[in-house]
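# A structural walkthrough
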Amino acid sequence: MPTLEAQLREQLLADLTEPQREAVTCTDGPLLVLAGAGSGKTRVITRRAAYLAGTVATPAQVLAITFTNKAAREMRERIDALRLAGGLPVATFHAWCARTLRIHHERAGVPREFTILDTDDRRKVIKDATLAAELSPTNFPPARVENLISQAKNALRLPDRYEQQAVDWEQRAVARIYAAYEKLLRRMACLDFDDLLLRLALLLAEDAELRDRLEEQHRYLLIDEYQDTNAAQYQIARLLTQQRRNLCATGDPDQSIYGWRGADIRNILSFEHDYPEARVVRLEQNYRSTQRILAVADALISGNVRRKQKRLWTENPAGAAVRVVECETYADEAELVAREIGQAKTAGTRLDDVAVLYRVNALSRALEEALLRAGIPYQIARGVEFYNRKEIKDVLAYLRALVNPADEVSLLRAINVPPRGIGETTLERLVGHARAAGRTVLEVIQADDLQAVGRVAARVREFGVLWAQLRPLLEGPPFAALGAVLRESGLRAYYGEENDPDEGRRRNLDELLNAAREYELQQPEATVLDWLEHTALIGDVDAVREGTGTVTLMTLHAAKGLEFPVVFIIGLEDGLLPFRRENDQPADDEEERRLCFVGMTRAREVLTLTRARRRMLRGKTEYTTRSEFLEEVRRAGVEWISTETTSPSRSRHPDAGALPEDAEEWAVGTLVRHPRYGLGRIEEIARGARRTHVRVLFESGHEQAWVLEFADLTRVDFHEVD
DNA sequence: AATATTCCCGTTTTT
DNA sequence: CGGGAATATT
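Position numbers for residues count from 1 along each chain, tracking the sequence in the order it is written. Just so you know, chain letters begin at A and ligand numbers begin at 1, following the order they were written in. Local features in a predicted model are, by the rule used here, given only for residues with pLDDT of at least 70; side-chain atom pairs are given and counted only at 80 or more, and totals for whole chains, interfaces and linings are based on all residues. To get the side-chain values, take all heavy atoms of the structure and skip hydrogens and water.

### Thoughts on the protein's contact with DNA strand B
To be explicit about the condition: Residues are classed as near a molecule or strand on a simple rule: at least one heavy atom within 4 Å of it. In the analysis that follows, any N or O atom pair within 3.5 Å is treated as a polar contact, provided that within protein one partner can donate a hydrogen and the other can accept it, and provided that, for residues neighboring in sequence, both atoms belong to side chains. Put simply, DSSP marks the helices as runs of H or I at least four residues long and the strands as runs of E at least two long, and each gets a number from the N terminus on.
For DNA strand B, the set of nearby residues contains 24 residues, the closest of which are Arg359, Asn361, Gly423, Arg581 and Arg618. In the interface set of DNA strand B, defined as its atoms within 4 Å of the protein, sugar plus phosphate atoms amount to 57%. Measuring from a base oxygen of DNA strand B, one finds a side-chain N or O atom of His94 at 3.5 Å. Here a phosphate oxygen of DNA strand B sits 3.4 Å away from a polar atom, N or O, in the side chain of Thr425. Those elements that provide at least two residues to the surface near DNA strand B are helix H22 (424-437) and helix H29 (556-559).

Pasting the structure below:
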């Protein structure tokens, strides 16, 4: 009869290569797995987790940490599929930190019922903090301040030290805003994303007892994508492995793409220095891509100077040539991609197997239109759009305000949706009273002496009653609470016919209800608070599903960790990929190169890189310059295609060469169409330095003057009229 | 107070 | 071009 360990070996190791096996089986002590793109890293890490759980530890004693929810879900599924390590915790850094902070809230000095600020609210609070610091949000744009504070937190720098280290006037100002911001967060009993890491890192640093307890609980720590750790995460990893030193870090320096949010590639590069006794396993055989794709990707990444040399190789077939297609305009580019996908589909490719990747979300629009026209279904992974929708934020604000009444942003949002006639002035008074009396806004709302607030006191009082009525919902599960809030608050009624004629908002709310129910099925014991935390930490990117029969559109960042037989990367233009901002500090082109490398190595069989010679971004069409990345792969055996001018208006006119510039297409006598007024003719036109003014006479006799750039006018060509 | 309108701004990537 | 904020309107 075979021993358990022999069975495990058979099941977990049989189909692994030698280095993969080593990574799975060397159980104790620090281990660094340098896993090139497509080298079977996820497979190794899941096997390792299961192996640990079956030999030297129980499943609960192994903790696997990822960066994205997507990665966590995939790992969870694959570990479950092995059926050897049920109950093995898999979580993102942020989710695990949130949970741990909640459990040990007293030691951590955070409120037990803290809520997590979403990106929008955080910006709002930062703006308030700027005002509280007696500075102007105009001079200190919230987005910029937010970024600086985020960087500071990720670097474990608190306001005091930030101020000490400030070297210029901006930093000194930001130090004040930062301090004010922290004060506001404390008053609101809120944490932001970065706090989750920061607070836990600080807690672990000062609380040796807790540290030991946690390490005892999680004897084996696995951290995926270690190249993306920032200072806080690095600190947490180190502090959790001080005694046993059982840290297994996996990653690939060539895929480090999160420097902009504080990730420090040196964390992985100096692993061997941090853990001198570490074992290092290199996975360099690629099982994913064709030789040609790999050759192109390698040619690109070789352009990075600050880089550990690495050879990625494959036994896969040579495959089709990687193509570079230069198009005339962004519309041509989108059409080309749509056409190619259509052809591939006809030739038998499943749409699930196709992905279109781009550097910035804005590039998806033209693609969407082209795919729509071509009748090709697609799904998009985009930011946090769903949870940013008004109706979603509205109802979540209620739940947040119920859980954590100190969360004023949520409370003040909820108080007037649906509109209850409680306006800005009233809110200001409420806040004013609360501050003056040293009470919370909710206490003021529920106090008896409301008349000071003015005529709308009755309405405010009603809301206070509603709050108290809804509050007991927190005892129950999230789905029921959500439904009740929608009903009792009047939100559901509000988003009826007249406020939501096309049912979009109602559908979104239904989708949210579904999400809550689904979550409840997964986590039967979960409270409303748990669910709120979940929604705060999950994004739309995670909604991308397989097997939908659709093409997938996403950013290069979102594509990490995925693979597709057919991949398009669009917009290979200077300034776009590599991305650069005009008055930006020294841009990190090496990170951009890695990002492009990540995109290329998502492709299994067919890779196409495109670029448009003219691109419209932020409303202006501009000539572009070819990306240096294209030059760099030029001699790696790509097939270069340059499409000729095929813009429809030109091909239809034989004398296309004489076609005037756009600006001259508007003149007195030009026929135009307006969505409201219909057909008309330009009577007068006046060109200023920046603006062009026009006066238009419509068929109806109506006359109207506009600034041309802002008028919703389209030119009507003669051949379209007859 | 709510809604309609204008205008002004910026502008990456994500937990 | 598109969203958010300031501004005008009812």
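The discussion continues.
### Structural notes on the pattern of salt bridges
The cut-off we apply is this: Each reported salt bridge corresponds to a side-chain nitrogen of Lys or Arg within 4 Å of a carboxyl oxygen of Asp or Glu. Burial classes: relative accessible area under 20% of the type maximum marks a residue as buried, over 50% as exposed, and values in between as partly exposed (1.4 Å probe, protein chains only).
The full count for this structure, using the stated rule, is 63 salt bridges. Its salt-bridge partner being Arg144, residue Glu170 comes within 2.9 Å of it at the nearest N-O pair. Of the two residues, Glu170 sits in helix H10 (residues 169-188) while Arg144 sits in helix H8 (residues 142-154), which places them 26 residues apart along the sequence. Judged by its relative accessible area of 19%, Glu170 falls in the buried class. Between Arg487 and Glu488 there is a salt bridge, and its shortest N-O distance comes to 3.7 Å.

### Quick notes on the state of the cysteines
Operational definition: For the purposes of this analysis, a disulfide is any pair of cysteine sulfur atoms at a distance within 2.5 Å.
Summed over all chains, the structure comprises zero disulfides. Sulfur of Cys97: no disulfide; nearest cysteine sulfur belongs to Cys190 and is 18 Å away. Note on Cys327: no disulfide assigned, nearest cysteine sulfur contributed by Cys596 at a separation of 16 Å. The exposure class of Cys327 is buried, given its relative accessible area of 1%.

### Considerations on the packing of helix H20 (residues 390-403) against helix H24 (residues 457-470)
Keep this limit in mind: What counts as an axis is a line fitted to C-alpha atoms, over the stretch in contact for a helix, and the angles between N-to-C directions run from 0 to 180 degrees. Geometric relationships in this document are graded by angle, where less than 35 degrees denotes roughly parallel, more than 145 denotes roughly antiparallel, 65 to 115 denotes roughly perpendicular, and other angles denote oblique. Should any heavy atoms of two residues lie within 4.5 Å, those residues are considered in contact. Following the grouping adopted for this structure description, the nonpolar residues are Ala, Val, Leu, Ile, Met, Phe, Trp, Tyr, Cys and Pro, the charged ones are Asp, Glu, Lys and Arg, and the polar ones are all others, Gly among them.
The N-to-C vectors of H20 and H24 enclose an angle of 75°; their axes lie 10 Å apart at closest approach. The pairing of H20 with H24 is recorded here as roughly perpendicular in orientation. For the pair formed by H20 and H24, the contact residues are Tyr398, Ala401 and Leu402 on the first element and Phe463, Leu466, Trp467 and Leu470 on the second. Taken together, the residues that form the contact of H20 with H24 break down as seven nonpolar, no polar and no charged.

### Here's the deal with the nonpolar core
Selection rule: Note on terminology: a nonpolar core comprises buried Ala, Val, Leu, Ile, Met, Phe, Trp, Tyr and Cys residues joined through side-chain atoms within 4.5 Å.
One finds Tyr398, Leu399 and Leu512 to be the most contacted residues of the largest nonpolar core, which totals 47 residues. Of the residues forming this core, the biggest block, nine residues, is contributed by H20. Sequence-distant contacts of Leu512, that is, excluding residues within four places in its chain, are made with Phe386, Tyr387, Ile392, Val395, Leu396, Leu482 and Trp531. By size, the runner-up hydrophobic cluster in this structure holds 45 residues, among which are Val110, Leu156, Leu210 and Ala232.

### Here we look at the environment of Asp510
Within the fold, Asp510 resides in helix H27 (residues 504-522). For Asp510, a relative accessible area of 42% translates into the label partly exposed. Spatially, the C-alpha atom of Asp510 lies 27 Å from that of Ile422, the residues being 88 residues apart in sequence.

### Some remarks on the packing of aromatic side chains
Just so we agree on the cut-off: Two rings belonging to Phe, Tyr or Trp (six-membered ring only in the last case) form a pair when the distance between their centres is within 6.5 Å. Interplanar angles under 30 degrees mark stacking, angles over 60 mark edge-to-face geometry, and anything in between is tilted. Placement of a positive charge over a ring is assigned whenever Lys NZ or Arg CZ falls within 6 Å of the ring centre and within 35 degrees of the normal to the ring plane.
Under the defined criterion, the tally for this structure stands at eight aromatic pairs. Summarising the aromatic geometry, the rings of Tyr258 and Trp260 are spaced 5.6 Å apart at their centres and angled 50° between planes, so their arrangement reads as tilted. Note on Tyr258: relative accessible area 12%, which makes it buried. The rings of Tyr226, Phe271 and Tyr275 are connected pair by pair, giving a single aromatic cluster. Note that Arg102 overlies the ring of Phe114, its terminal NZ or CZ placed 3.9 Å from the centroid. One residue, Arg634, lies across the ring of Trp640, its end atom 4.0 Å from the ring centre.

### Describing the side chain of Asp224
Turning to its location among the elements, Asp224 is positioned in the loop between strand E6 (220-223) and helix H13 (231-239). Under the relative-accessibility criterion, Asp224 is labelled buried at 5%. Among the polar contacts listed, one links the side chain of Asp224 to the side chain of Lys41, at a separation of 3.3 Å. Those residues within four positions of Asp224 in sequence are excluded, and the remaining contacts are Lys41, Ile45, Ile65, Thr66, Phe67, Met75 and Thr250.

### Topic: the sheet that holds strand E3 (residues 90-92)
Note the following rule: Any two strands with at least two DSSP bridges between them are considered paired.
Judged by pairing direction, the sheet is parallel, and its six strands sit side by side in the order E3-E2-E6-E7-E1-E8 without closing on themselves. Edge positions in the sheet fall to E3 and strand E8 (279-283), since each of these pairs with one other strand and no more. Sheet twist, expressed as the average angle between the axes of neighbouring strands with direction ignored, equals 15°. Pairing of strand E1 (residues 31-35) with strand E7 (residues 247-251) involves four bridges; the strand directions are parallel. Within E7, the position partnered with Leu32 by the bridge is Ala249. Across the sheet, helix H3 (residues 41-54) lies against E1, strand E2 (62-66), E6, E7 and E8, angled at about 170° from E6, the strand it touches most. Of the strands in this sheet, E2 and E3 are in contact with helix H4 (residues 69-82), which crosses E3 at around 175°.

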